[in-house]
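# Examination of the molecular architecture
Each chain, letter by letter, is given below.
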Amino acid sequence: MFGSFTTIVAMTLLLPFLPLYVEQLGVHDPAAIVQWSGAAYAASFLSAALVAPLWGRLADRYGRKLMLIRASLGMAVAMALIGLASNVWQLVLLRLLAGFLGGYASGSTVMVATQTPKAQSGWALGTLSSAVMAGSLVGPLVGGVLPQWIGIRWTFFAAGAVIFVAFIATCTLIREDVRPPARPAAGAPSRWQAIPDRRPLLAMLFTGMLLMLANMSIEPIITVYVATLAPDPAQVTLHAGLVMSAAALGSIVSASRLGRLADRVGHWNVIIACLVVAALLLLPQAFVTATWQLVGLRFLMGLSLGGLLPCIAAVIRHNVPEGTAGQMLGYSTSAQYTGQVTGPMLGGLIGGHLGMRWVFLGTSVLLALGAAWNWRTQRRIR
């Protein structure tokens, strides 16, 4: 939990000051600053999505702890190097490197999913998910405060130092059962072919992508949307920050509780119910008349979506062979990053051409379709 929290904080803390850092690196045209900031922010998620299945497969073969050690040390080095960037190209390339070397949170999911008894996997993964969501919430807050005290470059150095502490803790405190490397035998089926029924896996990959898409689709329009609701223009950024944080806070509160509930009533049932509730909560968000209403609805939506990540990981864990769990959970991480990248793009496109309300309504329809697909898949595999 500590390692996942610190690495997610490091990945997200640059959000408030990224345009300022881009300007420091020699970009002065306002449009170019926005473009380079977007490229630098998305770069790490793009490279992380591409390599997540690889790290999962190596975890299956050589051990999950080794991958956590690699990720924590790699992220510590990458964050320090970002603080040494001398031009914007180096910033983007180093963000790509951070995504390539990282993956601590996804590696932690693999370890917890495979080392925890199946009857408690939902609760354990929900607890871990709370740490990840907390990192997403705290990262921008730290990034908004720390550079004012120590400067932008030293903020990156401090983040690298904290992750290095997580590296030391990973080396010394985590225990994993020693086992020989799992190498496929000659003539053995591929890891994908070794899965007896691939329908649950495909449903979970789609659901993970949908979850992140739903969370991120509002990001490009939130400040503009809040500006239509806030009576005082000077309070727009504050209110926008509250709206952005509300969903993450709700997920932190509910993740472990919904995970424990899923262990009792079934992970599929919780996934379907969460998707339906989130789809319904998106409808009134399109018609709110005050900022506090939007904050409350986003918090409730976070409560409903908080149980999805642990339940997705648990369903994958229960439906794939032991030797393929890491790689398949890596595919799940890639799907989630895909939603994280496409969500803002889709939200900005719909909001710009059809109107901001249609972002909420369109996302609601997608979540409802996801609930229907999961319900249909669950009935077919019974």
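Attention in this report is confined to the structure presented alongside it. (Residues numbered from 1 in each chain as written. Predicted model: local features only at pLDDT ≥ 70, side-chain atom pairs only at ≥ 80, totals over all residues. Heavy atoms only, no water.)

### Here we look at helix 7 (residues 121-150)
One full turn of an α-helix is made of 3.6 residues, so residues set three or four places apart face in the same direction. Helix length check: helix 7, at 30 residues, gives a terminal C-alpha distance of 41 Å against a target of 44 Å (1.5 Å per residue), a fit within 8%. The sharpest bend along helix 7 comes to roughly 30 degrees, located at Val-142. (Helix = DSSP H or I, 4+ residues; strand = E, 2+ residues; numbered from the N terminus. Expected span 1.5 Å × (residues − 1). Bend = angle between axes of the 7 residues up to and from the residue.)

### Things to note about a nonpolar patch on the surface
Taken together, the side chains of Leu-73, Val-77, Leu-81, Leu-84, Phe-164 and Ile-168 define a hydrophobic patch exposed on the protein surface, amounting to about 490 Å² of accessible area. When contributions to the nonpolar patch are tallied by element, the ones reaching two or more residues are helix 4 (64-82) and helix 8 (152-173). Counting residues per element, the nonpolar patch draws most heavily on helix 4, which supplies 3 residues. When you line up the elements, Leu-81 lands in helix 4. (Patch = residues over 30% accessible without salt bridge, like charges linked within 9 Å, V, L, I, M, F, W, Y side chains within 5 Å. Areas by Shrake-Rupley, 256 points an atom, 1.4 Å probe, with all protein chains shown as cover. Salt bridge = Lys/Arg side-chain N within 4 Å of Asp/Glu carboxyl O.)

### Concerning the packing of helix 6 (residues 104-115) against helix 15 (residues 325-353)
Remark: helix 6 packs on helix 15, axes separated minimally by 10 Å, with the N-to-C direction vectors making an angle of 140 degrees. Here helix 6 lies oblique to helix 15, going by the angle between them. As helix 6 packs across helix 15, the resulting crossing turns out to be right-handed. Together, Ser-106, Thr-109, Val-110, Ala-113 and Thr-114 of helix 6 and Ala-325, Gly-326, Leu-329 and Thr-333 of helix 15 make up the contact between the two elements. Across the contact of helix 6 with helix 15, the residue classes break down as 4 nonpolar, 5 polar and no charged. (Axes fitted to C-alpha atoms, helices over the stretch in contact; angles between N-to-C directions. Parallel < 35°, antiparallel > 145°, perpendicular 65-115°, else oblique. Left-handed = near helix turned anticlockwise from the far one by under 90°. Contact = heavy atoms within 4.5 Å. Nonpolar A, V, L, I, M, F, W, Y, C, P; charged D, E, K, R; others polar.)

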